[in-house]
Every structure is written in structure tokens, then in C-alpha cells.
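Residue-level structural notes
The primary structure of each chain is shown beneath.
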Amino acid sequence: MTAPTGHTAAQFPQCRQFCCLITALLSVRSIQLCGQSVRQAPQPQKVTIANSPWLFGLLFPDLLFKFKEKYPNIELDLVDRSDTEVLQYVLDDPTHLGLITKPKHWHGRHTQFSTVKTYALQLCLHKAHPLAKRESVSFGDLKDEKFLLLDKRSFYQQIVKDKSEEYGFMANIAYETADIHQLCSLADNNKGVLICVPVTPHNLFHNLIFVPFSDKDMTFSVAFIFQSYDKLSEPAKRFMEFMKEYVVE
């Protein structure tokens, strides 16, 4: 502020005090705004989810990318485990979240659950196989077949065992592994039949055919499992909501 002509600033003590007060107030406001900016800055968040290692790559290949685009401040920690290990992970801690695959009517036996999507299982086999020409098959049609199965850590071995008993035979398990791509490769080379989700075969697998089951209980249901929804973290709940909106049931 400029003193009036012919007078010095020392002759206007009130003016000088006013200037000092304004400067101080501006400094305090600047500090307040800076502090508010720091407080409002989003803090990184993390959500850990135990899931089948092939689930996102096979069924939902771009879902994780889309989630990261929408929520860049949430870090996803995906723990690759088998279905039985995912169940145990959730049972170990009420704050744990798992993403699991099992028959639809099996959900709810051990934990709470929230279904993402349910598929009808199909028979995956070589195009030259006699059953490949059928419009549908019954599990009972497979009593003479060689089964290519996910290993015992998956619930699907138990499905095959239960359905075999229902139809009065013992399934011939020719090969088992946790590697779904290896199973598809074996089926592509006519080494056996595979019970699978009807997905588009990989470019390497030119000989695969999918035939629906007539058995209505042959389902593949993807669901979140947890002990208590209220005890899950907010980032975990956000991921659940995003996936259920993204994957149309």
C-alpha cells in the first residue's frame, strides 16, 4: 500500500498494522489450503482376493484392466489358489475374500456367497469323436470315456465322482492336472474328454467341440465367498460390485 503524497509510512502506523494483518491472514489461509489438499489426497488402498489362477485369463481377460482404469488408487493382490485352498483361505479369517468356482447348488455349504455368473457345463472333446455330433449328452453317456480332469484341489473331481455313482459306473480318470491349457491340448489331440466351461478355444486348439449336457445340475458357478460381508474392507466390496456389474449374469 502506498502512503499518501507528502507523508511517510511511519506517519501512518494504522496503515502499516493493517498491511501486516492482511499478510498474516493470507499466510494462514495458504497453510490451511495446503493442509486441506494433503488431507483430501486419496490414499492408496489394497484388496487381496484368493482365486483360481486361470479364472480371469480364461473367462474375464480384460476385467482387471477395466477395474484399474476406473479405480487407479486400489491395488489388486490376486492370490492364485485352487478352489479348496480358496475356501480354506476364507475360513481362516472373517476379513478374507475369495472367488471360487463350483456347482451352483453347492454354494452356501460353508460360507456366505454372492454369485457372479453361472454357466452350464459342457463336454469338450475332439471333433472326430462320435459324441461330437450330438446336440446334447447325458453324463451317463460317458461311462466308457477317458476323463481329463482338473486335479483333486478342484471341486470338479467330486462332481465326476458323484455323477458316475448316480449312473452306476466308475469314471476312468486318464489324466489330471491344475493346468487347464494342458487339458485342452490333450482333448485337442483326442486323448480323452474334458468337462469345461463353453469358452472359445485357444487358437492352438483347432479340433475342439463343445456339446451341452442334458443334466441340469452340471453347472459352473463363479461366486465370491466370505464369512461376513460387513467385515470385508471397502475396497473389497467395491471390487465385488464392479465385477458383478461388469459380468452380466
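Figured I'd write up the structure that's included with this text. These numbers come from a predicted model, not from an experiment.

Moving on, we come to the sheet that holds strand E9 (residues 208-212). Here five strands make up an open sheet; going across it, the order is E7-E6-E8-E5-E9 and the pairing mixed. Two strands in the sheet have a free side with no partner beyond their single neighbour: strand E7 (172-177) and E9. Going across the sheet, the axis of each strand differs from the next one's by a mean of 30°, ignoring polarity. The sheet contact formed by strand E5 (residues 122-126) and strand E8 (residues 193-196) spans three bridges and is antiparallel. Among the inter-strand pairings, glutamine 122 is bridged to a residue of E8, identified as cysteine 196. Docked against the sheet, helix H5 (residues 156-166) engages strand E6 (146-150), E7 and E8, running at close to 145° with respect to E6. Strands in contact with helix H6 (residues 180-188) are E5, E6, E7, E8 and E9; relative to E6, the strand with the most contacts, it is inclined by about 165°.

This part is about the sheet that holds strand E2 (residues 74-80). If you trace the five strands from one edge of the open sheet to the other, you get E2-E1-E3-E10-E4, paired in mixed fashion. Two strands bound the open sheet, and with one partner strand each, they are E2 and strand E4 (112-120). In this sheet, adjacent strand axes meet at a mean angle of 20° when their direction is disregarded. Taken together, the seven bridges between strand E1 (residues 45-51) and E2 define a ladder with parallel strand orientation. Paired with asparagine 51 across the two strands is aspartate 80, which belongs to E2.

As a further point, take helix H7 (residues 234-246). With 13 residues, H7 should reach 18 Å at 1.5 Å per residue; the first-to-last C-alpha distance of 18 Å fits that figure. Turning to H7, its buried residues number three or more, namely Pro235, Ala236, Lys237, Phe239, Met240, Phe242 and Met243.

This part takes up the nonpolar core. Core analysis: the largest hydrophobic core is formed by 66 residues, its most contacted members being Phe60 and Met243. In contact with methionine 243, other than residues within four places in its own chain, are Phe56, Phe60, Leu63, Leu99, Val116 and Phe224.

What follows covers the packing of aromatic side chains. Tallied over the full model, the rule gives 15 aromatic pairs. Arranged with centres 6.5 Å apart and planes meeting at 65°, the rings of phenylalanine 56 and phenylalanine 60 form a pair that is edge-to-face. On the accessibility criterion, phenylalanine 56 (6% relative accessible area) is buried. In this structure phenylalanine 60 comes out as buried when scored by relative accessible area, which is 5%. With a centroid separation of 5.9 Å and an interplanar angle of 15°, the aromatic rings of phenylalanine 242 and tyrosine 246 are classed as stacked. Separated by four residues within a single helix, phenylalanine 242 and tyrosine 246 lie in helix H7, roughly one turn from each other. The partly exposed category is assigned to tyrosine 246, whose relative accessible area is 32%.

Here helix H3 (residues 63-70) crosses H7 at 125°, and the two axes come no closer than 11 Å. Considering the angle they form, H3 stands oblique to H7. The way H3 lies across H7 gives a crossing that is right-handed. From H3, Leu63, Leu64, Lys66, Phe67 and Lys70 reach across to H7, where they touch Arg238, Phe239, Phe242, Met243 and Tyr246.

Rules used throughout
- Residues numbered from 1 in each chain as written.
- Predicted model: local features only at pLDDT ≥ 70, side-chain atom pairs only at ≥ 80, totals over all residues.
- Heavy atoms only, no water.
- Pairing = 2+ DSSP bridges.
- Helix = DSSP H or I, 4+ residues; strand = E, 2+ residues; numbered from the N terminus.
- Axes fitted to C-alpha atoms, helices over the stretch in contact; angles between N-to-C directions.
- Contact = heavy atoms within 4.5 Å.
- Expected span 1.5 Å × (residues − 1).
- Buried < 20%, exposed > 50% of the residue type's maximum accessible area, 1.4 Å probe, protein only.
- Core = buried A, V, L, I, M, F, W, Y, C linked by side-chain atoms within 4.5 Å.
- Phe/Tyr/Trp six-rings, centres within 6.5 Å; stacked < 30°, edge-to-face > 60°.
- Parallel < 35°, antiparallel > 145°, perpendicular 65-115°, else oblique.
- Left-handed = near helix turned anticlockwise from the far one by under 90°.

In short, shape yes, function no, at least from these values alone.
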